Amino acid sequence: MNDQELHELAEKQAALGEVRGTPARDPVNAPMIRHWLDAMGDENPAYLEKGVAPPAMAQVWTMPGVRRSAKDRSPVDDMIAALDASGYTGVVATNCEQTYHRYARIGERLTPATRFTDLAGPKRTALGVGFFATWTVTWYGEDEEPVAEMLFRVLKFRPRTRESSSSTTGQAAAGEGQAAAYPLQPAINQDTAFFWEGVKQGELRIQTCADCGELRHPPGPLCPRCRSVNRGHMVASGQGTLYSYVVHHHPPVPGRETPFVVGVVELPEGVRIVGNVVDCPIEEVAVGMPLRVTYRRMDDQLVLPMWTPGEA
Ligand SMILES: [Zn+2]
């Protein structure tokens with residue numbers, strides 16, 4: 001489809017209004033709530049005592065499962081399929097806003113209803129040219145009252161090919177005007193700016209509580225031990241050991257060549273940090289291996305800390 005046809009399909013899908021999906025396979029139930037609370041580390045007993053589900057579980061109850069049937073299709077699926085077929089195969093979620101109207105009660109079966117609301121684009125983004133697709137899902141209880149709703153927006157983009165990305169990474173091609181930015185930029189905010197400034201200077205900075213001295217990583221606004229908002233940082237030695245890792249083969253990641261290793265590195269200072277393990281054949285990567293930090297320039301602005309085999 002061309003851009004015009006994609007917009008026509010979007011209008012058609014939006015005109016369908018709210019389309020009811022298949023009711024949840026299981027009613028809201030205590031075992032799933034217990035799994036969720038465990039996974040989230042939420043020890044609040046109120047949910048199970050009152051027989052209600054945590055509101056953030058809304059999506060859980062009507063997950064379609066791995067093998068979806070044709071009757072589970074929503075107005076969004078046709079839109080996404082058309083974008084895929086038109087070459088916009090990349091996807092990244094950009095917005096998720098949830099509104100909770102009331103608690104879902106144990107024993108009730110929720111039904112989702114999906115409304116496709118908007119297609120915007122094509123737009124140029126750091127990931128490539130793409131469309132922003134927006135929809136809402138409302139979950140209804142058996143009494144037909146809305147329990148929760150969610151606005152969801154994704155960017156469906158045309159991934160850069162390897163040739164076109166290698167020609168635009170690093171130094172700006174002559175006449176291109178600006179250097180291509182590494183497509184996966186970290187979210188830098190007032191809690192994390194010190195970390196990224198440290199990286200640029202070759203320092204691995206770990207946040208500290210200015211009151212009790214507790215180290216914490218990733219950085220955050222509040223000390224989990226004493227709840228103080230006063231913070232500072234220390235500079236880690238740059239040594240570590242590999243605590244755990246995965247080898248990423250698929251899906252393709254913009255700006256990266258697969259496979260690559262994502263590790264959880266335990267620092268002798270007492271916190272763990274996530275980063276790529278580099279300069280090491282994948283077969284030789286092993287839990288417990290000594291590592292040291294190294295700094296890699298990704299573009300004009302961004303330096304990423306990565307991990308390379310170190311001395312035991
Ligand atoms: Zn503290």
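Residues numbered from 1 in each chain as written. Predicted model: local features only at pLDDT ≥ 70, side-chain atom pairs only at ≥ 80, totals over all residues. Heavy atoms only, no water.

**Student:** Can you explain the packing of aromatic side chains? Please cite residues and give values.
**Tutor:** Scanning all chains against the criterion turns up three aromatic pairs. Ring centres of Y88 and F131 lie 5.1 Å apart, and the angle between their planes is 90°; on these two criteria the pair is classed as edge-to-face. Of this pair, Y88 sits in the loop between helix 4 (75–85) and strand 2 (90–100) while F131 sits in strand 4 (residues 128–140), placing them 43 residues apart in sequence. When its relative accessible area of 4% is taken as the criterion, Y88 is described as buried. Both rings, one in F195 and one in W196, keep their centres 5.1 Å apart while their planes meet at 85°; by these two values the pair is edge-to-face. With a relative accessible area of 7%, F195 lands in the buried category. Above the plane of the ring of F260 lies R256, whose end atom (NZ or CZ) is 4.6 Å from the centre. Over the face of the ring belonging to Y243 we find R272, whose NZ or CZ atom lies 3.5 Å from the ring centre. (Phe/Tyr/Trp six-rings, centres within 6.5 Å; stacked < 30°, edge-to-face > 60°. Helix = DSSP H or I, 4+ residues; strand = E, 2+ residues; numbered from the N terminus. Buried < 20%, exposed > 50% of the residue type's maximum accessible area, 1.4 Å probe, protein only. Lys NZ or Arg CZ within 6 Å of the ring centre and 35° of its normal.)

**Student:** Please set out the nonpolar core residue by residue, giving values where relevant.
**Tutor:** Grouped together as the largest cluster of nonpolar side chains are 31 residues, with contacts concentrated most on L6, M79, F116, L119 and W135. The set of elements that each furnish at least two residues to this core consists of helix 1 (3–15), helix 2 (30–40), helix 4, strand 3 (111–125), strand 4 and strand 5 (146–157). Residues in contact with L6, not counting those within four places in the same chain, are M1, M79, A82, L83, S86, Y88, L119 and F131. (Core = buried A, V, L, I, M, F, W, Y, C linked by side-chain atoms within 4.5 Å. Contact = heavy atoms within 4.5 Å.)

**Student:** Just give me the short version of the UniProt feature "domain: FAS1-like dehydratase" (unreviewed entry) in the chain, but keep the residues and values in it.
**Tutor:** With numbering matched to this structure, UniProt assigns "domain: FAS1-like dehydratase" (unreviewed entry) to residues 20–150. The span residues 20–150 carries 21% helix and 34% strand; its end-to-end C-alpha distance comes to 15 Å. (UniProt positions renumbered as here; feature names shortened; annotations may be inferred.)

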